[in-house]
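# Residue-level structure breakdown
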Amino acid sequence: MTQRGRRTVRDLRRGNRSALLRHLYFEGPLSRQELAGHTGLSSGSVSNVVGDLIGDGVVEEAGSVESDGGRPRVLLQVARRNGYLIGVDVGETRVRVALFDLALTELATADHPLSDSGHDVGQVVSLVLKGLTAVVREAGIDQAAVVGVGVGVPGIVEQGRDGPVVHGQTMGWDAVPLGALLRDGTSMPLHVDNGAKTLGQAEMWFGAGRGARNAVIALLGSGVGACVVADGKPYRGATSSAGEWGHTTLRVGGRRCRCGARGCLEAYVGAEALVERWGGAPEGASEEAAIAALLRAADEDDASARALLDETAEYLGAGISDLVNLFNPELIVLSGWTGLMIGPRLLPAVREATAAYSLRHPWDRASVELGRLGPDAVTVGAATLPLARFLDAGGAGAHGRDRVAGTTDFEPAS
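Residues numbered from 1 in each chain as written. Predicted model: local features only at pLDDT ≥ 70, side-chain atom pairs only at ≥ 80, totals over all residues. Heavy atoms only, no water.

Moving on to the confidence of the model for the protein. When pLDDT is averaged along the protein, the result is 90, and 93% of the positions lie at 70 or above. Confidence drops under a pLDDT of 50 for residues 398-409, and excluding neighbours within four residues, the segment shows 52 contacts in the predicted structure. (pLDDT = per-residue confidence, 0-100. Contact = heavy atoms within 4.5 Å.)

This is the structure:
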């Protein structure tokens, strides 16, 4: 019987597979010699593990490069069509489902706007399942080839007895067993996490956060959230609710927030709040169209639009200063569809306001940047949940069910 805590040969083999696979995924193509140098494994161990990965179809050859005085070195890469990933963004106004290959190349999408019933649980589950069926059919793949489905949702996600449970106060969800509800409609492996945290993982792996160890990825959409990364790992808190930045108090006794409290940051800088505070949006316009109209009005020297954006920049700077003073990050990334729409115009004023409200020492060592993955980054981030599982498992046995995502180190290579 194996003693508790002692690593078995199987554990070591899986660890070696995972280490090599992660390096190939984030740094590849690489030769066997380069893999040995990166991982510290012996050339014999690298050859054995690579042979297994190639035999399993997880890794493939990707050409060769000349070497100094010897035979050309064969390059290796992860086989991008060895499996497929699905990312789902349960947003404020729509459900977006996208299917990717292992290189996160988008192959199929399905967008379903949320109707007047809003975040009715039954409607959301139905739209997610409908989207899963649609993207698998559009891509023309066998469902069994899907490594897993990642779902990003507003609210707090915790592991329940029967899978992920969502507490979404702003949308009326109280301990919704989303994992179990989705599992009843699909056999594909499921991973559920907060949307801001999925966005954070994507930006840390592939976007503006890559290379940082202490960062905050801020999501500005209809609402506001954040992913706090401390020493390369997501900080979740006691019940996985850390990062609810949008519900920190900006003004005591201020505007009523969707969560029921007064004066939350979200009640001033979220898209829904911006549209309400402006009052000049075209009748019947979507939030995206209304924010675009706000920016156009400011460009045309509309006094109320300009004043609102100036005030929003200061509010954002004050909110970011709280992050600077509390967490001492080296980087704050402003992302989400609203953040990316207003960010290019407001970023200089946001930085100025952040400096005014922050302690000088931590602010001197921090920067505020825009996200690099576009307005659909939550969908990409959701797809990284099963991808993380795939890499952790060394490309094998990755079809575990109902794993609460986000416990993986955000550093690309271990």
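Moving on: the sheet that holds strand β1 (residues 30-31). On the basis of which strands lie adjacent, the open sheet formed by three strands has the order β1-β3-β2 and antiparallel pairing. Only two strands of the sheet have a single neighbouring strand rather than two, namely β1 and β2 (59-65). Relative to strand β3 (residues 73-78), β1 runs antiparallel, the two sharing two bridges. If you follow Leu30 over to β3, its bridge partner there is Leu76. Along the sheet, helix α1 (residues 9-27) makes contact with β1, β2 and β3, crossing β3 at roughly 90 degrees. (Pairing = 2+ DSSP bridges. Helix = DSSP H or I, 4+ residues; strand = E, 2+ residues; numbered from the N terminus. Axes fitted to C-alpha atoms, helices over the stretch in contact; angles between N-to-C directions.)

Moving on, we come to the packing of helix α6 (residues 195-206) against helix α13 (residues 377-392). Taken N-terminus to C-terminus, the directions of α6 and α13 make an angle of 75 degrees; their axes are 7 Å apart at the nearest point. Looking at the two axes, α6 sits roughly perpendicular to α13. On α13, the residues that touch Gly195, Thr198, Leu199, Gln201, Ala202, Trp205 and Phe206 of α6 are Ala377, Val378, Val380, Gly381, Ala382, Thr384, Leu385, Leu387, Ala388 and Leu391. Its residues placed into classes, the contact of α6 with α13 shows twelve nonpolar, five polar and no charged. (Parallel < 35°, antiparallel > 145°, perpendicular 65-115°, else oblique. Nonpolar A, V, L, I, M, F, W, Y, C, P; charged D, E, K, R; others polar.)

So, about the pattern of salt bridges. On inspection of all chains with the given rule, the structure shows 21 salt bridges. Note that Arg96 is salt-bridged to Asp111, the shortest N-O span being 3.8 Å. Here Arg96 is found in strand β5 (residues 94-101), whereas its partner Asp111 is found in strand β6 (residues 106-113), with 15 residues between them in sequence. Residue Arg96 is classed as buried on the basis of its relative accessible area of 6%. (Salt bridge = Lys/Arg side-chain N within 4 Å of Asp/Glu carboxyl O. Buried < 20%, exposed > 50% of the residue type's maximum accessible area, 1.4 Å probe, protein only.)

Turning our attention to the packing of aromatic side chains. For any pair of aromatic rings, the description rests on two quantities: the centre-to-centre distance and the angle between the ring planes. The tally for this structure, following the rule as stated, stands at six aromatic pairs. Plain terms: the ring middles of Tyr25 and Phe26 are 5.1 Å apart, the flat faces sit at 75 degrees to each other, and that makes the pair edge-to-face. Classification of Tyr25 as buried rests on a relative accessible area of 15%. Aromatic pair Phe26 and Trp205: ring centres 5.1 Å apart, planes at 80 degrees, arrangement edge-to-face. Residue Phe26 is found in helix α1, and its partner Trp205 is found in helix α6; the two are separated by 179 residues along the sequence. (Phe/Tyr/Trp six-rings, centres within 6.5 Å; stacked < 30°, edge-to-face > 60°.)

Within the largest apolar cluster, 42 residues are counted, with the highest numbers of intra-cluster contacts made by Leu220, Trp245 and Ile342. Put simply, the parts of the chain that give this core at least two residues each are β12 (215-220), β13 (224-230), α7 (266-269), α8 (271-278), α9 (287-299), α10 (303-327), β15 (331-335) and α11 (336-357). For this core, the element with the most residues is α10, which contributes nine residues. If we ignore the near neighbours within four places in the chain, the residues touching Trp245 are Ala218, Leu220, Val224, Gly225, Ala226, Leu265, Leu316, Gly319, Ile320 and Leu323. Of all hydrophobic cores here, the second largest spans 33 residues; its members include Val97, Ala110, Val136 and Met171. (Core = buried A, V, L, I, M, F, W, Y, C linked by side-chain atoms within 4.5 Å.)

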